[in-house]
Amino acid sequence: MGLRSGGNATAQPAELTRRKTLCENTIRDICARTVASTDGGGPAQNPRPTPALHFTERRGGYYRWKANRIEIGEKYLGEPSRTDDEIRALIGHELGHWADPDLVRACRLGGTALALTVPLGLAVMFSIVFSALGVALSMFAILTFVMCVLTPWASWGSEFYADQFAVRAVGSEAVVELLGSLGSRFPSPTHPSPARRVAHARTARV
Ligand SMILES: [Zn+2]
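To start, this report covers the structure provided alongside it. (Residues numbered from 1 in each chain as written. Predicted model: local features only at pLDDT ≥ 70, side-chain atom pairs only at ≥ 80, totals over all residues. Heavy atoms only, no water.)

### Regarding the sheet that holds strand β2 (residues 61–64)
The three strands lie next to each other as β1-β3-β2, forming an open sheet whose pairing is mixed. Every interior strand has two partners, whereas the edge strands, β1 (52–56) and β2, have only one. Averaged over all pairs of adjacent strands, the angle between strand axes in this sheet comes to 25°, irrespective of strand direction. Two strands pair when backbone bridges link them, and β2 and strand β3 (residues 69–73) are joined in this way by four bridges, in the antiparallel orientation. Directly across from Gly61, in β3, lies its bridge partner Ile72. Across the face of the sheet, helix α3 (residues 84–99) comes into contact with β2 and β3 while running at roughly 20° to β2. (Pairing = 2+ DSSP bridges. Helix = DSSP H or I, 4+ residues; strand = E, 2+ residues; numbered from the N terminus. Axes fitted to C-alpha atoms, helices over the stretch in contact; angles between N-to-C directions. Contact = heavy atoms within 4.5 Å.)

### Some details on the packing of helix α6 (residues 172–180) against helix α7 (residues 194–202)
When two helices pack together, their arrangement is given by the angle between the helix axes and by the axis-to-axis distance. Where α6 contacts α7, the two axes come as close as 9 Å, and the packing angle between them is 175°. One finds that α6 runs roughly antiparallel with respect to α7. Of the residues in α7, those in contact with Ser172, Glu173, Val175, Val176 and Leu179 of α6 are Pro194, Arg197, Val198, Ala201 and Arg202. Considered class by class, the residues forming the contact of α6 with α7 number six nonpolar, one polar and three charged. (Parallel < 35°, antiparallel > 145°, perpendicular 65-115°, else oblique. Nonpolar A, V, L, I, M, F, W, Y, C, P; charged D, E, K, R; others polar.)

### A closer look at the pattern of salt bridges
Scanning all chains against the criterion turns up 11 salt bridges. Note that Glu71 and Arg69 form a salt bridge whose closest N and O atoms lie 2.8 Å from each other. Judged by its relative accessible area of 22%, Arg69 is partly exposed. A single network of salt bridges, built from pairs that share partners, joins Glu15, Arg18, Arg19 and Asp84. (Salt bridge = Lys/Arg side-chain N within 4 Å of Asp/Glu carboxyl O. Buried < 20%, exposed > 50% of the residue type's maximum accessible area, 1.4 Å probe, protein only.)

### Focus on the pairing of β3
In terms of residue burial, β3 counts as a mostly covered element, since four of its five residues are buried. Bridge count between β1 and β3: five bridges; the pairing is parallel. From the neighbouring strand, Thr56 faces β3, where its bridge partner is Gly73. Counting the residues that bridge the hairpin from β2 to β3 gives four residues, and of these Asn68 lies at a positive phi of roughly 50°.

### Some thoughts on unusual backbone geometry
We note that Asn68 has phi near 50°; this positive angle belongs to a residue other than glycine. Given a relative accessible area of 14%, Asn68 falls into the buried group.

### Remarks on the nonpolar core
Counting residues in hydrophobic clusters, the biggest one holds 34 residues, and the most contacted among them are Leu77, Leu95, Val170 and Val175. Of all the elements, α3 adds the most residues to this core, at seven residues. Formed jointly, this core draws a minimum of three residues from each of two domains, domain 1 (13–99) and domain 2 (103–202). Filtering out sequence-adjacent residues up to four positions away, Val175 remains in contact with Ala89, Asp163, Ala166, Val167, Val170 and Ala201. (Core = buried A, V, L, I, M, F, W, Y, C linked by side-chain atoms within 4.5 Å. Domains from an automatic or database assignment.)

Structure below.
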């Protein structure tokens, strides 16, 4: 669910305050429009109340579904190069998780798959230590399957959904700008590559 970005410099306090207000207003505006869209049977329906907003130490953004809370990192917000479009797109993405009707299932599946990686990794290490190379190879194959197939299968759909929700909420150019600022070119078990997300966002129905 999280989006991360790099950078170390910090904006002036007044600018940080303005950006926090932008986050609050963007949540309010998008939620108001999303609730309204349920009348027309549009795709951006929400099953949850308007989420709370917290500012944290961590980078990027995160939606915690159990608390119904969007968390935005102050370091992310404080980076001087950050644009209003990127901030609005980040809020739109996290609200995409909030509005996703399959979010809970995806989180449970993805969380379970990720939790398997710890015992599997330990099993690989112990197998090597005790020279059980056949067992180590088998465990490594299962670990690779979990990291490269199972977790992406459980998690990537939610990220594409959230990006498409953000496109409908704030426009494709803002979302593409946000994805271009992530500072990574590679996929992870939980997130597709930014390039693939950009391609997907550009095809979103608005
Ligand atoms: Zn996400």
